[in-house]
Amino acid sequence: MLFTGDGSLNSKPRWTGFENFFTPYGRLSKASVFQVMHHGASGNSSPEVAALVVPRASIFCSDPSRGQKHPDAEVLRQFWPYNCIQVDDAIGWLMLGVFVF
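Everything numeric here is computed off the predicted structure, so don't read it as measured data.

Caption draft 1: A nonpolar patch on the surface, seen in detail. A contiguous nonpolar surface patch, about 450 Å² in accessible area, is contributed by Met1, Phe3, Trp93 and Met95. For Trp93, the location among the structural elements is in the segment after β4 (84–87).

Structure follows, in structure tokens:
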């Protein structure tokens, strides 16, 4: 699982640094769950991120009915093939699985 919080992968140096840090030992390819940066705000992402991470589940911690209306549509479209899940203070998410090492 990769939790990005309010991080930004909105430029080539940032996502290249991210890729270089998480690629050794297959860490990036083993990340099945990815929390999309800053509630899915377009200013914190770039079109390359979804294809770089290829998560099995893309978590958007946001409430589209309040505030900035995140996630932004273009970020949601980028992650759509990767099982988008929106969670907020009323709607949670539960994952059951088996770890294979």
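Caption draft 2: Just the environment of Ser58, in detail. Mapped onto the elements, Ser58 comes out in strand β3 (residues 57–61). Separated by 52 residues in sequence, Ser58 and Asp6 have C-alpha atoms that sit 15 Å apart. Once residues within four sequence positions are removed from consideration, Ser58 is found in contact with Phe34, Val36, Phe79, Tyr82, Asn83, Cys84 and Ile85.

Caption draft 3: Inspection of the packing of aromatic side chains at higher detail. Inspection of the entire model under this criterion finds five aromatic pairs. Aromatic pair Phe18 and Phe22: ring centres 4.9 Å apart, planes at 55°, arrangement tilted. On the criterion of helical spacing, the pair formed by Phe18 and Phe22 is a turn pair, its members being four residues apart in helix α1 (residues 12–22). With relative accessibility at 10%, the residue Phe18 sits in the buried group. Ring geometry for Phe34 and Phe79: centres 5.9 Å apart, planes at 15°, overall stacked. Taken together, the residues span a long stretch of sequence, with Phe34 in strand β2 (residues 33–35) and Phe79 in helix α3 (residues 73–79) at a distance of 45 residues.

What counts and how
Residues numbered from 1 in each chain as written. Predicted model: local features only at pLDDT ≥ 70, side-chain atom pairs only at ≥ 80, totals over all residues. Heavy atoms only, no water. Patch = residues over 30% accessible without salt bridge, like charges linked within 9 Å, V, L, I, M, F, W, Y side chains within 5 Å. Areas by Shrake-Rupley, 256 points an atom, 1.4 Å probe, with all protein chains shown as cover. Salt bridge = Lys/Arg side-chain N within 4 Å of Asp/Glu carboxyl O. Helix = DSSP H or I, 4+ residues; strand = E, 2+ residues; numbered from the N terminus. Contact = heavy atoms within 4.5 Å. Phe/Tyr/Trp six-rings, centres within 6.5 Å; stacked < 30°, edge-to-face > 60°. Buried < 20%, exposed > 50% of the residue type's maximum accessible area, 1.4 Å probe, protein only.

Bear in mind that shape data such as this cannot, by itself, settle questions of function.
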